[in-house]
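Per-entry structural report
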Amino acid sequence: LFRSALGMAAYAVAGTPSDCVKVALSTLLDMPIDVVVSGINHGPNLGSDVIYSGTVSAALEGAILGKPSVAVSLLNGHNKAADFTHAAEYVARALEKMVAGGMPTKTIYNVNFPAVSLHEVAGVKMTKLGTRIRKHTLCHHHPKHGLRFQGYCIWCSNRPRILAHGYQRACE
């Protein structure tokens, strides 16, 4: 427990996003909550992405513990300078209506919000989780001397990444 810059009590949990939800709901909170909201994270959680998502896993943990839960993602192409304001405003407004209408327990909603302003949102569509199959490249590599890890590595990726010391793997 520590005090934030705003003077509010804050907690830190050394664990996964789902660990944070479990600790909050089972130990820290001494008042009932209406809904668990996880996110907003960079990039979409579509199809099989949800299996690997910390954002979705935190919402799933809330549902497992009997709370309606929402995972929120911003479709921003992983732009680190992205503006989350519109997504946050939209989700806050939607949650007021959803909670007032009664959200089912042990349910998760996965919201993927476009990186646009609120007035550009054309509508909402409720769908089932689809299948998203990506072609990943497996890259076998012996790292150059001087990188912080040694040994034989295999990366599974669908986009280029810059590694330690600016070393880029073309096959990623």
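A quick note: this is a predicted structure, and the numbers were derived from the prediction, not measured.

**Notes on the overall build of the chain**
Within the chain, the regular secondary structure consists of 4 helices and 7 strands. Starting at the N terminus and ending at the C terminus, the chain contains elements arranged as β-β-α-β-α-α-β-α-β-β-β. Restricting to contacts in the chain with at least 6 residues of sequence separation, those with at least 24 account for 58%. Only carbon and sulfur atoms are counted for the fraction: they give 57% of the accessible area of the chain, which is about 11500 Å².

**A look at the nonpolar core**
Burial of nonpolar side chains together is a common tendency in soluble globular proteins. Counting 6 residues, the largest nonpolar core consists of Val35, Val70, Val72, Val91, Leu95 and Met103. Sorting the residues of this core by element identifies β4 (69-75) and α4 (85-101) as the ones contributing at least two each. When residues no more than four places from it in sequence are discounted, the contact partners of valine 70 are Val35, Val36, Val37, Ser38, Ala59, Leu95, Met103, Tyr109 and Val111.

**Looking at the packing of helix α1 (residues 17-28) against helix α3 (residues 54-64)**
The contact between α1 and α3 brings their axes to 7 Å, and the two run at 30°. Judged by the angle between their axes, α1 and α3 are roughly parallel. For the element pair α1 and α3, the recorded crossing hand is right-handed. Between α1 and α3, the contacting residues are Pro17, Ser18, Val21, Lys22 and Leu25 on the first element and Gly54, Ser57, Ala58, Glu61 and Gly62 on the second. Along the lines of polarity and charge, the residues of the contact of α1 with α3 split into 4 nonpolar, 4 polar and 2 charged.

**Remarks on the environment of glutamate 89**
The topology assignment puts glutamate 89 in helix α4. Remark: the alpha-carbon pair of glutamate 89 and serine 117, spanning 28 residues in sequence, is separated by 10.0 Å.

**A few points about a nonpolar patch on the surface**
A cluster of nonpolar side chains, contributed by Leu60, Ile64 and Leu65, occupies part of the molecular surface with about 270 Å² of accessible area. Relative to the assigned elements, isoleucine 64 resides in helix α3. Judged by its relative accessible area of 59%, isoleucine 64 is exposed.

**Considering unusual backbone geometry**
Note the cis peptide between glycine 39 and isoleucine 40, where omega equals 25°. Inspection of the secondary structure puts isoleucine 40 in strand β3 (residues 36-42). Positive phi outside glycine occurs at lysine 106, with the angle close to 55°. Secondary-structure assignment places lysine 106 in the loop between α4 and β5 (108-114). A relative accessible area of 59% means that lysine 106 is categorised as exposed.

**Details of the sheet that holds β4**
Spatially, 3 strands are ordered β3-β4-β5 in an open sheet, and the strand pairing comes out parallel. At either end of the open sheet lies a strand with only one pairing partner, and these are β3 and β5. Averaged over all adjacent pairs, the angle separating strand axes in this sheet is 15°, with direction ignored. In this sheet, β4 lies alongside β3 in parallel orientation, the contact comprising 6 bridges. By the bridge assignment, serine 38 is partnered in β4 with alanine 71.

**Remarks on the confidence of the model for the chain**
Per-chain confidence: the chain averages 80 in pLDDT, with 74% of residues scoring 70 or above. Segment residues 160-172: pLDDT under 50, and 26 contacts once partners within four positions in sequence are set aside and those in other chains are kept.

Parameters and conventions
Residues numbered from 1 in each chain as written. Predicted model: local features only at pLDDT ≥ 70, side-chain atom pairs only at ≥ 80, totals over all residues. Heavy atoms only, no water. Helix = DSSP H or I, 4+ residues; strand = E, 2+ residues; numbered from the N terminus. Contact = heavy atoms within 4.5 Å. Areas by Shrake-Rupley, 256 points an atom, 1.4 Å probe, with all protein chains shown as cover. Core = buried A, V, L, I, M, F, W, Y, C linked by side-chain atoms within 4.5 Å. Buried < 20%, exposed > 50% of the residue type's maximum accessible area, 1.4 Å probe, protein only. Axes fitted to C-alpha atoms, helices over the stretch in contact; angles between N-to-C directions. Parallel < 35°, antiparallel > 145°, perpendicular 65-115°, else oblique. Left-handed = near helix turned anticlockwise from the far one by under 90°. Nonpolar A, V, L, I, M, F, W, Y, C, P; charged D, E, K, R; others polar. Patch = residues over 30% accessible without salt bridge, like charges linked within 9 Å, V, L, I, M, F, W, Y side chains within 5 Å. Salt bridge = Lys/Arg side-chain N within 4 Å of Asp/Glu carboxyl O. Pairing = 2+ DSSP bridges. pLDDT = per-residue confidence, 0-100.

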